[in-house]
Amino acid sequence: MNQPYYSTANGARRRLTVFTFASPRNFYHLAGRLIPWFAALGVLTGLAGLAIGMLVAPTDFQQGDAYRIIFVHVPAAWMSMLIYMAMAGWAGFGLAYRTGVSSIMASALAPTGALFTFLALWTGALWGKPTWGAWWVWDARLTSELILLFLYLGYMGLHASISDPRRADRAAAVLALVGAVNIPIIYFSVYWWNTLHQGPSVTLGKAPTMAPAMLAAMLLMVAAFWCYGIAIALRRARCIVLERHGSAAWLRRRMK
Amino acid sequence: MLRAARQLMQRDLLLALRRRSDALMPLAFFLVTATLFPLAIGPDTRLLRSVAPGIVWVAALLSSLLGLQRLFADDHADGSLEQLLLSPQPLEVLVLAKVFAHWLTSGLPLLVLAPLVALQYGLEPEAMGVLWLGLLLGTPVLSLLGSIGAGLALGARGGSVLVALMLMPLYIPLLVLGSSAVVAASDGTGSAPHLMLLGALLAGSLAAAPWATAAALRIAHE
């Protein structure tokens, strides 16, 4: 049978399974090799996306040039929700299989997710002022984004206030999963409560209602944010591995 | 199994009866908070009537957060929680018994007090009835979701602020549906859908919360 192989830090070939990278050592090595690629790809797509978005994309006939913040706002909002789901997924995986690295990944994603949530809120306020005439309105999507920020803060707060990292991982994982179950409920309750936000510009299975250059710029920015998110989360995860496994023999050998 | 649950509930109720001030404090807090708002925003009856549902719900939510910490903390401190974890009975059922006892000592008195507060704000009898029904369906959800937070906060340094930070986002659907039910009743659009959704929240959290709480308690005792 043709099994996929993985070559470890010291050149040995090991069989690749789902749990290969659950070993902190393999993970540390793999993350170290992936980070430069994602970082470079993120910078490239980011520059291309900003260039097309700022210079090539046409001016909107209703909103003027103010709309151009969409190239940061929409990708940030997507990432904020996606990262919460990824975080809950990793946390749940760590809870079920007791794989420490999955939990490390979850706690490494949380600050990035919170950052994107904050960015989406901030750019939304900057966009709202010229188009709606107010920095903040109590609209369903804005409010649920704000609640998402609180969910991130709760997760990080709980994780930070339990001293034993393993226990912190597991307790925070329960909270992340409860939050993930609640997100749709929160979204719909707030949606019925009030809505003013413009409909989504890009929906799967429907022709997008925007110029091709705008769409290209936005997709490039989405790619850039993905790459940034992956690179920075892996970097943070590597730091956490260093913190937790600093006394392990393989790390000490590497650090010499 | 049911006998164990009943005995645990009786024990918790007896404890609450012996330490009455613990259970009464959040109620006093509820009354005081609800009284502060008219003093802050002025005695205009129309304005008060329109903000009353929101204020009653926020006050109920805050007062439930206040008493939550003690749901498991005392048992954790004196070791009886460990006995519950070691017992052959399913932990989820025991958690449910404790949560029910907590609701009897925190949610039920709130239901008695809520009409008084509603009178303070000059709510119509019909709106008051809907508010009361909403609280009847909603306060058990407060206790159920709260038990997850109280379980997770065991052994954490944050204390009650941490519990509040964790639970506030989860309480939001309750707050929205509870107060909009009263608004819908007073403007004549019908409060039945809101109350039904509150009932759905109750059914959902009744089914799911004990498991999450039990998992949290097991993690706290690893």
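Cut-offs applied
- Residues numbered from 1 in each chain as written.
- Chains lettered and ligands numbered in written order.
- Predicted model: local features only at pLDDT ≥ 70, side-chain atom pairs only at ≥ 80, totals over all residues.
- Helix = DSSP H or I, 4+ residues; strand = E, 2+ residues; numbered from the N terminus.
- Rg over C-alpha atoms; globule rule 2.2 N^0.38 Å.
- Buried ≥ 20, exposed ≤ 12 C-beta atoms within 10 Å, placed from the backbone.
- Contact = placed C-beta atoms within 7 Å.
- Nonpolar A, V, L, I, M, F, W, Y, C, P; charged D, E, K, R; others polar.
- Expected span 1.5 Å × (residues − 1).

Participant: Run through the overall build of chain B, naming residues and quoting values.
Facilitator: A count of helical and extended segments in chain B gives nine helices and zero strands. Going from N to C terminus, chain B has its helices and strands arranged as α-α-α-α-α-α-α-α-α. On C-alpha atoms alone, chain B measures out to a radius of gyration of 18 Å, which is about the 17 Å that the 2.2 N^0.38 rule sets for 222 residues. Taken along the three principal axes of its C-alpha coordinates, chain B extends 55 × 30 × 30 Å. A buried classification covers 48% of the 222 residues belonging to chain B. Within chain B, contacts between residues at least 6 apart in sequence are counted, and of these 81% link residues at least 24 apart.

Participant: Lay out the overall build of chain A with the relevant residues and their values.
Facilitator: When you go through chain A residue by residue, the secondary structure sums to seven helices and two strands. Buried residues in chain A amount to 39% of all 256 residues. If you take every contact in chain A between residues at least 6 apart in sequence, the share linking residues at least 24 apart comes to 73%.

Participant: Give a description of the interface of chain A and chain B that names residues and reports values.
Facilitator: Contacts between chain A and chain B engage 21 residues on the former and 22 residues on the latter. Sorting the residues of the side of chain A that touches chain B by element identifies helix H4 (140–160) and helix H5 (165–193) of chain A as the ones contributing at least two each. For the side of chain A that touches chain B, the element with the highest residue contribution is H5 of chain A, accounting for 12 residues. Taken together, the residues that form the side of chain A that touches chain B break down as 14 nonpolar, five polar and two charged.

Participant: Describe the environment of arginine 218 of chain B, naming the residues involved and giving the relevant values.
Facilitator: When you line up the elements, arginine 218 of chain B lands in helix H9 (residues 192–220). On the neighbour-count criterion, arginine 218 of chain B (14 C-beta atoms within 10 Å) is partly exposed.

Participant: Could you give an account of the environment of leucine 149 of chain A, with specific residues and numbers?
Facilitator: All names here are of chain A. Summarising the element assignment, leucine 149 is placed in helix H4. By C-beta crowding, leucine 149 is classed as partly exposed, having 19 other C-beta atoms within 10 Å. Distance from leucine 149 to leucine 121, taken between C-alpha atoms, is 9.3 Å for residues 28 residues apart in sequence. Other than its neighbours up to four places away in sequence, leucine 149 contacts Ala114, Thr117, Phe118 and Leu121.

Participant: Can you break down helix H2 (residues 20–41) of chain B residue by residue, with the values?
Facilitator: Residue and element names in this part refer to chain B. With 22 residues, H2 should cover 32 Å at 1.5 Å per step; its first-to-last C-alpha distance of 33 Å lies within 8% of that length. Taken as a whole, H2 has its buried residues at Pro26, Phe30, Ala34 and Phe37. Against the buried residues of H2 lie helix H3 (45–68) and helix H6 (91–120). After H2 finishes, the residue glycine 42 shows a positive phi value of roughly 95 degrees.

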